[in-house]
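Spelled out, the chains give:
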Amino acid sequence: MMFLMATIAILIAMALVVVRAIRGPTVFDRVLAGNVIGTLAILLLAVVGFLLGRPEWLDIALTYGLLNLISTLAVLKFFRHGDLAFVPKEPPKL
Amino acid sequence: MTMEMVIFGLSWLLIGIGSVFVVIGAVGIVRMPDVFTRLHAASLIETLGGGALLLGLMLQAGFTLVTLKLAMILLLFVFTAPVATHAVAQAALHQEVMPKLASDRRPHQAGGKSPEAR
């Protein structure tokens, strides 16, 4: 019962975030929306695994979480430098 | 008997709190006016929503391997969510997307563009 409630809540949240991904004025809104959709997908995998009595899906959730960070950072690097293979000439001053 | 009921009620409470905060964060992402305020709303999903949901699921699972995997997902959230948020904010600032302010208290820049202009 409560797993069903959490599933419905996560699906509503994903629909709202998709609205922002479509409407977002800058590209960073869309990247942010993609990142949040990935996070919500991890939570959805965990909760639906418990809802159906098969918590083995948590492995898929873990893998998806690792991929989510890498994809977000790669897209941000592309939109910041215009090149995925960008290497700064000198190390940035801290 | 009573201990099981206490754990069941606590996990119900945590899953309810997590669901509510996930929806609140999503509404914030839609309604907030700016990239940076939307980042603020997105962090709500990743910390409070996800944390409460995963803690509730951990209480449901008991001491099994499933609890360990849920703890690993929680640890992943704790470490990756600030990195992603920081990267989005830094890239947005690098592309001169400035935060919307009620009053601009910075010294006026000649070449600076207002956020409404783009």
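Here, the structure is the one placed above.
Once a new chain begins, its residue numbering starts again from 1 and follows that chain's sequence as written. The naming scheme follows written order: chains are lettered A onward, ligands numbered 1 onward. Note on the predicted model: pLDDT of at least 70 is required for a residue's local features to be given, and 80 or more for side-chain atom pairs to be given and counted; whole-chain, interface and lining totals, by contrast, use all residues. Processing note: side-chain calculations cover all non-hydrogen atoms of the structure and skip hydrogens and water entirely.

**Some words on the overall build of chain A**
Here is step 1 of the chain: Secondary structure is summarised from DSSP: a helix means a run of H or I of at least four residues, a strand means a run of E of at least two, and numbering begins at the N terminus for each. Assigned secondary structure in chain A consists of three helices and zero strands.
Here is step 2 of the chain: Based on C-alpha atoms, the radius of gyration is set beside the globule rule, defined as 2.2 Å times the residue count to the power 0.38. By the compact-globule yardstick of 12 Å for 94 residues, chain A is too spread out, its C-alpha radius of gyration being 17 Å.
Here is step 3 of the chain: The C-alpha extent of chain A, read off along each of the three principal axes, is 55 × 30 × 20 Å.
Here is step 4 of the chain: Among the 94 residues that make up chain A, the fraction classed as buried is 40%.
Here is step 5 of the chain: Of the contacts made within chain A by residues no fewer than 6 positions apart, 51% connect residues no fewer than 24 positions apart.
Here is step 6 of the chain: Only carbon and sulfur atoms are counted for the fraction: they give 73% of the accessible area of chain A, which is about 5300 Å².
Here is step 7 of the chain: Under the convention used here, Asp and Glu are negative, Lys and Arg are positive, and both His and the chain ends fall outside the count. Just so you know, the charge point we use is NZ for Lys, CZ for Arg, CG for Asp and CD for Glu. Separation of charge centres in chain A, based on 8 positive and 5 negative side chains, amounts to 10 Å. Three labels apply to residues, based on accessible area from a 1.4 Å probe with only protein chains included: buried if under 20% of the type maximum, exposed if over 50%, partly exposed otherwise in between. In this description, contact between two residues means that some pair of their heavy atoms is separated by no more than 4.5 Å. Only the protein chains shown count as cover for residues, and the accessible areas themselves come from Shrake-Rupley with a 1.4 Å probe.

**Digging into the packing of aromatic side chains**
The geometry of an aromatic ring pair comes down to the distance between the two centres and the angle between the two planes.
Residues and elements named next belong to chain A.
Here is step 1 of the chain: Each pair of aromatic rings taken from Phe, Tyr and Trp, with Trp reduced to its six-membered ring, is defined by centres within 6.5 Å and is described as stacked if the planes are under 30 degrees apart, edge-to-face if over 60, and tilted in the remaining cases. This structure, assessed with the given rule, holds two aromatic pairs over all chains.
Here is step 2 of the chain: Ring geometry for phenylalanine 3 and phenylalanine 50: centres 5.7 Å apart, planes at 50 degrees, overall tilted. Linking phenylalanine 3 in helix α1 (residues 2–23) with phenylalanine 50 in helix α2 (residues 27–51), this pair joins segments that are 47 residues apart in sequence.
Here is step 3 of the chain: Note on phenylalanine 3: relative accessible area 12%, which makes it buried.
Here is step 4 of the chain: On the numbers, 5.5 Å between centres and 75 degrees between planes, the contact of phenylalanine 78 with phenylalanine 79 is edge-to-face.

**A few points about a nonpolar patch on the surface**
Residue and element names in this part refer to chain B.
Here is step 1 of the chain: Patch building starts from residues that exceed 30% relative accessible area and form no salt bridge, then joins like charges within 9 Å and nonpolar side chains (Val, Leu, Ile, Met, Phe, Trp, Tyr) within 5 Å. For this document, the term salt bridge refers to a Lys or Arg side-chain nitrogen within 4 Å of an Asp or Glu carboxyl oxygen. Taken together, the side chains of Met3, Ile7, Leu10, Trp12, Leu13, Ile17, Leu48 and Leu59 make up a nonpolar region of the molecular surface, amounting to roughly 710 Å² of accessible area.
Here is step 2 of the chain: Looking at the nonpolar patch, the elements that each hand over two or more residues are α1 (2–31) and α2 (35–61).
Here is step 3 of the chain: In terms of residue count, the dominant contributor to the nonpolar patch is α1 (six residues).
Here is step 4 of the chain: Secondary-structure assignment places methionine 3 in helix α1.

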